[in-house]
Amino acid sequence: VRVYVYGESEVPALGPLTRSAAFCHYRQWGMDVGFHDFFRTSPVRTFTPEEADYFFVPSYACCHQIAGMADFPELDRDYEAAVAQLAYFQRT
């Protein structure tokens, strides 16, 4: 199994969805960041999207919503913008 991790430099629209990692990481809702950290350093990670079986799209939405940093309509807009920039989202 190979996992490709989308990055903020590749998909600028991920920026709003992955902001405040240091704040979110050490809170009750830190698994969003934990999964991102895990896949970034995982031996199953591939840097070649064509080799990937799965694609990880990082987001700390749970933290942002609970901490009052974003409401659901804002998160919806952020996700729509990000999905539009995911080059391999509809790969079959």
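All figures in this text were calculated on a predicted structure; none of them were measured in a lab.

Chemist: How would you explain the overall build of the protein if you had to name every residue and give the values?
Modeler: When you go through the protein residue by residue, the secondary structure sums to four helices and three strands. What you see in the protein, going N to C, is helices and strands ordered as β-α-α-β-β-α-α. With the C-alpha coordinates of the protein rotated into their principal frame, the extents come out at 40 × 25 × 20 Å. Per-residue burial over the protein gives 36% buried out of 92 residues. In the protein, the share of contacts with a sequence separation of at least 24, taken over all contacts with a separation of at least 6, comes to 78%. Summed over its atoms, the accessible surface of the protein is roughly 5,600 Å², and 57% of this surface lies on carbon and sulfur atoms. In the protein, 7 positive and 12 negative side-chain charges are present, and the distance between their average locations comes to 5 Å.

Chemist: Mind laying out the confidence of the model for the protein, listing which residues take part and the relevant values?
Modeler: With 98% of its residues at a pLDDT of at least 70, the protein reaches an overall mean of 90. Taken element by element, the predicted model of the protein shows its lowest mean pLDDT in helix H1 (residues 21–25) (81) and its highest in strand S2 (residues 45–46) (98).

Chemist: Describe the packing of aromatic side chains, listing the residues and the values that go with them.
Modeler: Per the stated rule, a full pass over the model turns up six aromatic pairs. A ring pair is formed by phenylalanine 55 and tyrosine 88, whose centres lie 5.7 Å apart and whose planes are at 10°; its orientation type is stacked. Of the two residues, phenylalanine 55 sits in strand S3 (residues 54–56) while tyrosine 88 sits in the segment after helix H4 (72–84), which places them 33 residues apart along the sequence. The partly exposed category is assigned to phenylalanine 55, whose relative accessible area is 25%. Grouping aromatic residues by their ring pairs yields a cluster made of Tyr4, Tyr6, Phe55 and Tyr88.

Chemist: Report on the environment of leucine 75, specifying residues and quantitative values.
Modeler: On the secondary structure map, leucine 75 appears in helix H4. Note on leucine 75: relative accessible area 5%, which makes it buried. When the C-alpha atoms of leucine 75 and histidine 64 are compared, they prove to be 8.6 Å apart, with 11 residues separating the residues in sequence. In this structure, leucine 75 is in contact with Leu17, Ala61, His64, Gln65 and Ala70, ignoring residues within four places of it in sequence.

Reading guide: rules and limits
The residue count restarts for each chain, going from 1 along the sequence in the order it is written. At least 70 in pLDDT is required for a residue's local features to be given in this predicted model, at least 80 for side-chain atom pairs to be given and counted, and no such filter applies to totals for whole chains, interfaces and linings, which use all residues. In computing side-chain values, all of the structure's heavy atoms are included and hydrogens and water are not. Secondary structure is summarised from DSSP: a helix means a run of H or I of at least four residues, a strand means a run of E of at least two, and numbering begins at the N terminus for each. Relative accessible area decides the class of each residue, using a 1.4 Å probe on protein chains only: under 20% of the type maximum gives buried, over 50% gives exposed, and in between gives partly exposed. Contacts are assigned to residue pairs that have any heavy atoms within 4.5 Å of one another. Reported accessibility uses the Shrake-Rupley method at a 1.4 Å probe radius. Residues are deemed covered only where the shown protein chains occlude them. In this tally, Lys and Arg are treated as positive and Asp and Glu as negative; His is ignored, and so are the chain termini. Here the site of a charge means atom NZ of a Lys, CZ of an Arg, CG of an Asp or CD of a Glu. Per-residue confidence from the prediction method is given by pLDDT, with values spanning 0 to 100. Aromatic rings from Phe, Tyr and Trp, taking only the six-membered ring of Trp, are treated as a pair when their centres fall within 6.5 Å; an angle between ring planes under 30 degrees marks them as stacked, one over 60 as edge-to-face, and anything in between as tilted.

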